[in-house]
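# Chain and residue survey
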Amino acid sequence: MLEKDIEKVLISREEISQRCAELGAVLTEEYQGKNPLVIGVLTGAVPFMADIIREMDCQLEMDFMDVSSYGNALVSSGEVKIIKDLDTNVEGRDILVVEDIIDSGRTLAYLVDLFKYRKANSVKIVTLLDKQEGRVVDIKADYVGFDVPNEFVVGYGLDFMGHYRNLPYVGVLKPSIYKPIN
Ligand code: PRP
Ligand code: MN
Ligand code: MG
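Residues numbered from 1 in each chain as written. Chains lettered and ligands numbered in written order. Predicted model: local features only at pLDDT ≥ 70, side-chain atom pairs only at ≥ 80, totals over all residues.

Further remarks concern the site of ligand 1. Around ligand 1 sit 15 residues, and of these Thr43, Gly44, Asp103, Ser104 and Thr107 come closest. For the shell around ligand 1, the secondary-structure elements that each account for two or more residues are β2 (37-42), β5 (94-102) and α3 (106-117). Residue contributions to the shell around ligand 1 peak at four residues, all from β5. Of the residues in the shell around ligand 1, the class split is four nonpolar, six polar and five charged. (Near = placed C-beta within 6 Å. Helix = DSSP H or I, 4+ residues; strand = E, 2+ residues; numbered from the N terminus. Nonpolar A, V, L, I, M, F, W, Y, C, P; charged D, E, K, R; others polar.)

Quick look at the structure:
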C-alpha cells in the first residue's frame, strides 16, 4: 500500500534497529546515574524516541515538545514558535534531545538555546538522520544515526504532508507523488 509510493529504500528497518542498539549502548554509558530528561520533538521524533529509549539501560524521564517555524510555508522566516511546551522544569537537568532529522538546523538551534536559557546542566542531541547539505544554522548533533543526502526522505517519523511517518524504514518518495502532472 504505502510501498508503491516509494522510489527506493535508503535505510532499512534492520539497519535502523542495529544503529539504535549501537547508539543506545553509548547513551547508556553516557547517562548512567544522571537520570536524563529525554525530550522528543513532535511529531517526527516519535518512532525514533520509542526505539532509542528502549535501548537505554538507565533511569531516565521523558517529555515532549512541539515547535514550528512560522512565516509562509515556502520560505521559512527562520523563527521558531512553541506549539506545546514541556511539562518538566529543565533547570539542573541533563537533557537529551531526540530528533528524526536535522536539516537547516533551526529547530534544534532554537531548542538548545532555550534549554540552556532555562539553565539545563547539559544539552545533547541525538538525531537519526543528519542532512548536512541543508544546514543554514551552525549546529551539530552529538550522536548521529546516519548521514543522508539532500533528497526528500520519508518514513520512520518523516512525513510528506503528514503521511508516511509510519513506514518502518527511511525511503525516497517517487517524484510523481510530490510533483503531480497536471
Ligand atoms: C521536521 C523534522 C525536524 C525539523 C528539521 O519537523 O522532524 O524536527 O523539521 O528541520 P530543520 O533542521 O530545518 O529545523 P517539522 O517541523 O516538519 O514537524 P514534524 O516533526 O511534525 O514533521
Ligand atoms: Mn520534527
Ligand atoms: Mg514535517
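Below, the discussion takes up the sheet that holds strand β8 (residues 153-154). Read across the open sheet, the three strands follow the order β1-β9-β8; overall the sheet is antiparallel. One side of each edge strand has no neighbouring strand; the edge strands of this open sheet are β1 (6-11) and β8. Note: β8 against strand β9 (residues 170-173), two bridges, orientation antiparallel. Note that in β9 the partner of Val153 across the bridge is Val172. (Pairing = 2+ DSSP bridges.)

Judged by nonpolar contacts, the single largest core of 40 residues is most densely connected at Ile52, Ile95, Val97 and Val98. For this core, the leading source of residues is β5, giving six residues. (Core = buried A, V, L, I, M, F, W, Y, C linked by C-beta atoms within 7 Å. Buried ≥ 20, exposed ≤ 12 C-beta atoms within 10 Å, placed from the backbone.)

As a further point, take the sheet that holds strand β6 (residues 122-130). Within a sheet, adjacent strands bond to each other through the backbone by hydrogen bonds, running parallel or antiparallel. An order of β4-β3-β2-β5-β6-β7 is seen for the six strands of this open sheet, with the pairing classed as mixed. At either margin of the open sheet sits one strand with a lone partner, and together these are β4 (80-84) and β7 (143-147). Across this sheet, the average inter-strand angle for adjacent strands is 30°, counted without regard to direction. As paired elements, β2 and β5 share four bridges and run parallel to each other. Bridge assignment links Gly40 to a residue of β5, and that residue is Val98. (Axes fitted to C-alpha atoms, helices over the stretch in contact; angles between N-to-C directions.)

With omega at 0°, the peptide bond leading from Leu42 into Thr43 counts as cis. Positive phi, close to 70°, is recorded for Lys119, a residue that is not glycine. Summarising the element assignment, Lys119 is placed in the loop between α3 and β6. For Lys119, a count of 11 C-beta atoms within 10 Å gives the class exposed. Within the chain, Tyr164 stands out as a residue other than glycine whose phi angle is a positive 75°. Relative to the elements of secondary structure, Tyr164 occurs in the loop between β8 and β9.

Attention shifts here to the environment of Leu23. One can find Leu23 in helix α1 (residues 13-30). Excluding residues within four positions of it along the chain, Leu23 makes contact with Ile52, Glu55, Val126, Tyr143 and Gly145. (Contact = placed C-beta atoms within 7 Å.)

The next subject is the confidence of the model for the chain. The predicted structure's coordinates, where accompanied by low pLDDT, should not be read in detail. A residue-level look at the chain finds 95% of positions with pLDDT of 70 or above and a mean pLDDT of 95. Mean pLDDT across the secondary structure elements of the chain bottoms out at helix α4 (residues 175-178), with 91, and peaks at β5, with 99. Interface scoring of the predicted complex returns ipTM 0.97; its pTM is 0.95. (pLDDT = per-residue confidence, 0-100.)

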